[in-house]
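Listed below, chain by chain, are the residues.
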Amino acid sequence: MTTDLLMPVLVLGAIGCLCGLLLAVAARFLHVFEDPRIEKVTGLLPGANCGGCGYAGCADYAKAIVEKNAPTNLCRPCRAAALLEISALMGVEAKTLEKMVALVLCNGGDVRSRRASMYNGLAECTSADMVSGSGKVCRYGCLGYGNCARICPVNAIRMMPDSNLALVDADRCISCGLCVKACPRKLIRMVPASHHVHILCSNRDRGILTRKACEVGCIACQKCVKACNGQGIHMEGNLAVADYTAPLSPDLVNVCPQKTINQRGTEAAPAAPGEGASA
Amino acid sequence: MKTVKAPFKLPGSIHPHYHKESTAALPLEVMPAPAVVQIPMSQHLGAPSKPLVAKGDIVSLGQLIAEPVGFVSASAHASVSGVVRAVTEGASTAGKATTVIEIENDGQDRPGSALLPHADWETLDGKALVSIVAAAGIVGMGGAGFPTHIKLSPPPGKKIDTLILNGAECEPFLTADQRLMIENADALWQGIRILRHILGGPRIRVAIEDNKPEAIQALEKALAKADGDVEIVSLATAYPMGAEKQLIYSLLGREIPSGALPADVGALVENVATAVAVYEAVALGQPLTRRIVTVTGPLIKRPANLMARIGTRLSDLIAFCGGFTGDSGKLICGGPMMGVAQVGSEAPMGKTTSGILALPRRDVALYESAPCIGCNRCVRACPMSLLPCTITMGVEADQMEMVEGLSVLDCIECGCCSFVCPARRPMVQLMRQGKARVQLARRQKQEKEKGKQG
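Residues numbered from 1 in each chain as written. Chains lettered and ligands numbered in written order. Predicted model: local features only at pLDDT ≥ 70, side-chain atom pairs only at ≥ 80, totals over all residues.

Enquirer: Please explain the overall build of chain B as it appears in this structure.
Expert: Scanning chain B from terminus to terminus reveals 14 helices and 18 strands. The C-alpha atoms of chain B give a radius of gyration of 22 Å, which matches the 22 Å a tight globule of 454 residues would have. Sorting the 454 residues of chain B into buried and exposed places 52% on the buried side. Contacts in chain B between residues far apart in sequence, at least 24 positions, make up 73% of those at least 6 positions apart. (Helix = DSSP H or I, 4+ residues; strand = E, 2+ residues; numbered from the N terminus. Rg over C-alpha atoms; globule rule 2.2 N^0.38 Å. Buried ≥ 20, exposed ≤ 12 C-beta atoms within 10 Å, placed from the backbone. Contact = placed C-beta atoms within 7 Å.)

Enquirer: Just to check I follow, could you spell out the overall build of chain A for this structure?
Expert: Within chain A one finds 11 helices and 8 strands. The C-alpha radius of gyration of chain A comes to 28 Å, more than 25% above the 19 Å expected for a compact globule of 279 residues. Taken along the three principal axes of its C-alpha coordinates, chain A extends 105 × 50 × 30 Å. Within chain A, buried positions represent 35% of all 279 residues. The long-range share in chain A, meaning contacts at least 24 apart out of those at least 6 apart in sequence, stands at 59%.

Enquirer: Quick question: what am I supposed to make of the interface of chain B and chain A here?
Expert: The interface is formed by 13 residues belonging to chain B together with 13 residues belonging to chain A. Elements with a contribution of two residues or more to the side of chain B that touches chain A: strand E17 (340–341) and helix H14 (427–453) of chain B. Among the residues making up the side of chain B that touches chain A, the classes are represented as 8 nonpolar, 4 polar and 1 charged. (Nonpolar A, V, L, I, M, F, W, Y, C, P; charged D, E, K, R; others polar.)

Enquirer: I keep staring at the nonpolar core and nothing clicks. Help me out?
Expert: A general feature of soluble globular proteins is that nonpolar side chains tend to end up buried together. Ranked by size, the top nonpolar core spans 177 residues in total, and within it Val104(A), Val133(B), Ile164(B), Ala207(B), Leu219(B), Val278(B) and Leu317(B) carry the most contacts. When residues of this core are assigned to their parent elements, the largest contribution, 9 residues, is made by helix H8 (residues 272–282) of chain B. Excluding its chain neighbours within four sequence positions, the residues that come into contact with Val133(B) are Ile138(B), Thr148(B), His149(B), Leu152(B), Val278(B) and Ala281(B). (Core = buried A, V, L, I, M, F, W, Y, C linked by C-beta atoms within 7 Å.)

Enquirer: Looking at this structure, I do not really get the sheet that holds strand E4 (residues 50–51) of chain B. What am I missing?
Expert: Residue and element names in this part refer to chain B. Strand order in this open sheet of 3 strands is E4-E6-E7, and the pairing throughout is antiparallel. Looking at strand neighbours, the two that pair on one side only are E4 and strand E7 (76–77), the edges of this open sheet. Pairing analysis gives 2 bridges linking strand E6 (residues 64–67) to E7, with the strands arranged antiparallel. Each bridged residue has a counterpart across the sheet, and for alanine 66 the counterpart in E7 is alanine 76. (Pairing = 2+ DSSP bridges.)

Enquirer: So what exactly am I meant to see when it comes to the pairing of strand E11 (residues 203–209) of chain B here?
Expert: On any regular strand, side chains alternate: one points to one face of the sheet, the next to the other face. All names here are of chain B. Of all 7 residues in E11, 6 are buried; the element is thus mostly enclosed. Taken together, the 6 bridges between strand E10 (residues 162–167) and E11 define a ladder with parallel strand orientation. Bridge pairing in E11 places isoleucine 164 opposite arginine 205. Of the pairings in the sheet, the one linking E11 to strand E12 (residues 230–235) comprises 6 bridges and is parallel in character. In the strand pairing of E12, alanine 207 is matched with valine 233. Assessed by its sense of winding, the connection that carries the chain from E11 through helix H6 (residues 213–222) to E12 is right-handed. (Right-handed = clockwise from strand over helix to strand, strands pointing away.)

Enquirer: What should I look at first to understand H6(B) in this one?
Expert: Quick reminder: α-helices carry 3.6 residues per turn. Residues three or four places apart thus point the same way. Residues and elements named next belong to chain B. Among all positions in H6, only Ala215, Ile216, Ala218, Leu219 and Ala222 are buried. Take H6 and look down its axis: the buried residues cluster within an arc of 165°, on one side only. Relative to its buried face, H6 has exposed residues pointing more than 90 degrees away, namely Pro213 and Lys221. Buried residues belonging to H6 abut strand E1 (3–5), E10, helix H4 (176–183), helix H5 (185–198), E11 and E12. (Arc of directions from axis to C-beta.)

Enquirer: What's the story with helix H3 (residues 58–68) of chain A in this structure? I'm lost.
Expert: Residues and elements named next belong to chain A. Taken as a whole, H3 has its buried residues at Cys58, Tyr61, Ala62, Ile65 and Val66. Buried residues of H3 fall within an arc of 130° about the axis and therefore sit on the same side. Exposed side of H3, more than 90 degrees from the buried face: Glu67 and Lys68 are the residues found there. Here the buried face of H3 lies against helix H2 (36–44) and helix H4 (80–90). Of the residues trailing H3, asparagine 69 is marked for its positive phi of about 55°.

Enquirer: Where do I start with the pairing of strand E7 (residues 239–242) of chain A in this structure?
Expert: All names here are of chain A. Where strand E6 (residues 233–236) and E7 come together, 4 bridges link them in antiparallel fashion. When the bridges of E7 are listed, methionine 235 appears paired with alanine 240. The antiparallel hairpin formed by E6 and E7 contains 2 residues in its connecting segment, where glycine 237 sits at a positive phi of about 65°.

Enquirer: Just to check I follow, could you spell out the sheet that holds strand E13 (residues 267–271) of chain B for this structure?
Expert: Sheets are built from strands that pair by backbone hydrogen bonding, the pairs being arranged parallel or antiparallel. Residue and element names in this part refer to chain B. Strand order across the open sheet formed by 5 strands is E1-E12-E11-E10-E13, with parallel pairing between neighbours. In this open sheet, the two strands that pair with only one neighbour each are E1 and E13. In this sheet, adjacent strand axes meet at a mean angle of 30° when their direction is disregarded. Each of E10 and E13 is contacted by H8, which is oriented at about 80° to E13, the strand it contacts most. (Axes fitted to C-alpha atoms, helices over the stretch in contact; angles between N-to-C directions.)

Enquirer: I tried to follow the packing of H5(B) against H6(B) on my own but got confused; where do I start?
Expert: When two helices pack together, their arrangement is captured by the angle between the axes and the distance separating the axes. Residue and element names in this part refer to chain B. In the contact formed by H5 and H6, the axes pass within 9 Å of each other and the chain directions differ by 60°. Classified by the angle between their axes, H5 and H6 sit oblique to one another. In terms of crossing hand, the pair formed by H5 and H6 is right-handed. Between H5, through Ala185, Asp186 and Trp189, and H6, the contact on the second element is made entirely by Ala218, Leu219, Lys221 and Ala222. Tallied by class, the residues present in the contact of H5 with H6 amount to 5 nonpolar, no polar and 2 charged. (Parallel < 35°, antiparallel > 145°, perpendicular 65-115°, else oblique. Left-handed = near helix turned anticlockwise from the far one by under 90°.)

Enquirer: Which parts of the structure should I look at to understand unusual backbone geometry?
Expert: A negative phi angle characterises most non-glycine residues, just as the trans form characterises most peptide bonds. In this structure, the amide linkage connecting Tyr239(B) to the following residue, Pro240(B), adopts the cis form with an omega of 0°. Along the chain, the position of Pro240(B) falls in the loop between E12 and helix H7 (244–252).

Enquirer: Could you clarify how one ought to interpret the confidence of the model for chain A in this entry?
Expert: A low pLDDT means the predicted coordinates there should not be read in detail. Taken as a whole, chain A shows an average pLDDT of 85; of its residues, 94% reach a score of 70 or greater. Below pLDDT 50 for its whole length, residues 267–279 of chain A participates in 22 contacts with residues either more than four positions away or in separate chains. (pLDDT = per-residue confidence, 0-100.)

Enquirer: Just checking my understanding: could you explain the environment of Leu359(B) for this structure?
Expert: All names here are of chain B. Summarising the element assignment, leucine 359 is placed in strand E18 (residues 355–359). Remark: the alpha-carbon pair of leucine 359 and glycine 191, spanning 168 residues in sequence, is separated by 35 Å. When neighbours within four sequence positions are excluded, leucine 359 is seen to be in contact with Gly297, Pro298, Leu299, Gly329, Lys330 and Val364.

Enquirer: Sorry, what's going on with the packing of H4(B) against H8(B) here?
Expert: Residues and elements named next belong to chain B. H8 packs onto H4 with a crossing angle of 50° between their chain directions and a minimal axis gap of 9 Å. Judged by the inter-axis angle, H4 sits oblique to H8. Judged by the twist between their axes, the crossing of H4 over H8 is left-handed. Here Asp177, Leu180 and Met181 of H4 come into contact with H8, specifically with Val272, Ala273 and Val276. Partitioned by chemical class, the residues of the contact of H4 with H8 number 5 nonpolar, no polar and 1 charged.

Enquirer: Looking at this structure, how should I read the environment of Ser163(A)?
Expert: Checked against the element boundaries, Ser163(A) lands in the loop between strand E2 (157–159) and strand E3 (166–168). For the pair formed by Ser163(A) and Pro77(A), sequence separation is 86 residues and the distance between their alpha carbons is 30 Å.

Enquirer: I would appreciate a short explanation of the confidence of the model for chain B in the present structure.
Expert: The pLDDT averaged across chain B works out to 92; a share of 100% of its residues lies at or above 70. Scored by ipTM, the complex comes to 0.77, with pTM at 0.82.

Right, here's the structure in full:
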């Protein structure tokens, strides 16, 4: 009776000891060293996994920082304090990048930009762009079906009522750049957050055609280029494009005859110059 | 010449109202050349052609004005004689802007064809004939616009045993091919002979839907003394019978593997209008500068089958047919199933424009779409045996790997699923979006791999 009870206990006990010993040996010889800093850096990163840094999520970027000496300032959403801490951890100098925000280079929503026909298809920008741009006369302008707003991980983009124009809230934007890729008309550009005067048009047609399509389109009169002596604005074909080297002067807003140049994000001008309010 | 019935039944099809009665009996009318034509540079599949003329140049009828760029591309010719007014960006019927060559017609039609007539074409070899077809700028005139000279030179090792002439014309409203077969049957037979000569003598099947008995009769007469293995096949009337893959299946019972070409199963499909264009190019030395287009719909005052110059603006075609009878509704380039809705009538017709359809507002009811009710009607209607309901839900939920696994790329965008859906879901749009996104993901993946290697 006692042996019946004792034998299994002994056998199982022996197996347990053996396995424990094996594990102890394996832990010693098969040990993989993982830098504890990776976990720390991962904790300091925002954890949005937006992919804006070019790596597959925050953990992957943390690994790259520690193991491959990737620059510590690639994460746009990262707070300045966290950046300092990560840089201190890695023993490198913290170089803050200027905050960039997304900007929709179009101001011609449904109120100011003409639609030639009615669209009854999928309420989605890519599909609308396939069928003559859903009737929007301007071949370059914002279609207004909100692909950018849907992809934004922090709800920084909203579609304006009445005009159906995408508008970025610069304070909320984390500069991940997902909206830039989502726009089938390539209207969104990342610009420095410190700039407040923008040329809000992407129409490359001749002025006469632009004028037929939209009230606030760039007609290539070049008045803005002359007003700033070619500093900061250059012409790309029939379109004036800001190169965002130095902030543009707010005076340009009054220079532009088409009201294409707008001031945004300062106290002087309301943060969201809605078309609905002015029209 | 005896007519036989097509032996195989499609896995799925629909039966819309055909509405062909308003133009089916109308003989072809030659439309006078308009004052201005705009020749689009992308009226075919593949890369747009490169203009060879500039503003102010004087061109003659049939002169080469644009050359192909790259392998899959086609040349374009002046369809009137006159002065080039501009080479500029313009509207196209496909919905995307393209470069157009605008020619002001001088009304003289000074001939200046880039081609020579070859009455003795039988002495030429296949390669020489294919180069004539390429020089004439001939593309598939059924709708897709695939350059014909590429189709006619199958990759080595692939033998074409059957040439199918597509006269199905399964799109409702359109009667362009039907009138062509009735009035141009002899030219069609000559074109078929040239194609047969190029391909080394395959058997010939002329496929016509059985709702066009007049066309079948006309061809039976024209092909009465035909030599070799030639048959007229009458197809059951169903949509999309005239699609390439469906036509090959119903005639030969051969399924084209996913991503493969008809040449892989030994078949080749050419539209009947393409065959006539080949005859005109080879035997008469005329490049492709005109085509038959059906202008129809309840909104057109005087529906007609027109022989019109390529580059004629839709507004000119409609004006020649007496204009609209009422308030504007929907203007479609092509048929109602696969045609492209237009935002205006300023776009010029191209080599693939087989019809203009104008519908009044009451015929284009706007529906609210509702969620899928899982009835499976689209699965039964799909001629490609896909699962449109599952695929479209996958597109909506952004499950692109699942969508790719369900062969979304095999969708031919025929519209049967949208036609039968009781919930009025925008099926074709979702399928098209799915295709576009899967293709984009594949391209990005390829680029990434290339970047890693390089």
